[in-house]
Amino acid sequence: MNNFVQAIGESRFLFDVGVKNGLREIWEQATSFFALKSKMDANFKSNQDYGEGNPEKDMQFMLWFSDRLTNLPDLFHAIRLRHE
């Protein structure tokens, strides 16, 4: 995880601000997803239930990550333009 945070910081020197903002958004979603998964795990261990609404939130995160990974090259579009 520290490598990703370091990459966000370094991106400001290598790419336009959009790349840094996009990476920061991914980081924020990843930490929120980790917190949700931890909460779901604790709920399941104590109640044999994931918690109301949590499976739906989990699905929303998964869809968001899938979309972001599919479109990740668009985040780095500036690289392609500089080298063309």
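Each residue is numbered by its place in its chain's sequence as written, counting from 1. Reporting in this predicted model follows two pLDDT cut-offs: at least 70 for local features of residues, and 80 or more for side-chain atom pairs to be given and counted; totals over whole chains, interfaces and linings ignore these cut-offs and use all residues. To obtain the side-chain values, all non-hydrogen atoms of the structure were included, while hydrogens and water were left out.

### Regarding the nonpolar core
Condition: The set of buried Ala, Val, Leu, Ile, Met, Phe, Trp, Tyr and Cys residues whose side-chain atoms join them within 4.5 Å is what this entry labels a nonpolar core. Think of it in three bands: with a 1.4 Å probe and only protein chains considered, a residue is buried below 20% of the maximum accessible area for its type, exposed above 50%, and partly exposed in between. Runs of H or I in DSSP of at least four residues are treated as helices and runs of E of at least two as strands, each being numbered from the N terminus. What makes two residues a contact is simply this: any of their non-hydrogen atoms within 4.5 Å.
In terms of nonpolar packing, the biggest core is built from 11 residues, these being Ile8, Val19, Leu23, Ile26, Phe33, Leu36, Met40, Phe61, Trp64, Phe65 and Leu75. Contributions of two or more residues to this core are made by α2 (17-47) and α3 (54-70). What leucine 36 contacts, discounting residues up to four positions off in sequence, is Asn54, Lys57, Asp58 and Phe61.

### Examining the environment of aspartate 41
Mapped onto the secondary structure, aspartate 41 falls in helix α2. The spatial distance from the C-alpha of aspartate 41 to the C-alpha of glutamate 28 is 20 Å, given a sequence separation of 13 residues.

### Section: the packing of α2 against α3
Operational definition: Angular values range over 0 to 180 degrees, each being the angle between N-to-C directions of two axes fitted as lines to C-alpha atoms, with helices fitted over their stretch in contact. Here roughly perpendicular refers to angles of 65 to 115 degrees, roughly parallel to angles under 35, roughly antiparallel to angles over 145, and oblique to all remaining angles. Should the near helix be turned counterclockwise from the far one by less than a right angle, the crossing is left-handed, whereas a clockwise turn marks it as right-handed. Side-chain classes follow a simple rule in which Ala, Val, Leu, Ile, Met, Phe, Trp, Tyr, Cys and Pro form the nonpolar group, Asp, Glu, Lys and Arg form the charged group, and the remainder, Gly included, forms the polar group.
The interhelical angle for the contact between α2 and α3, taken along N-to-C directions, is 150 degrees, at an axis separation of 10 Å. With respect to their mutual orientation, α2 and α3 come out roughly antiparallel. When the axes of α2 and α3 are compared, the crossing they make is left-handed. In this structure, α2 uses Glu25, Ile26, Gln29, Ala30, Ser32, Phe33, Leu36, Lys37, Lys39, Met40 and Asn43 to contact α3, whose residues at the interface are Asn54, Pro55, Lys57, Asp58, Phe61, Met62, Trp64, Phe65 and Arg68. A breakdown of the residues in the contact of α2 with α3 according to their chemical character gives 10 nonpolar, four polar and six charged.

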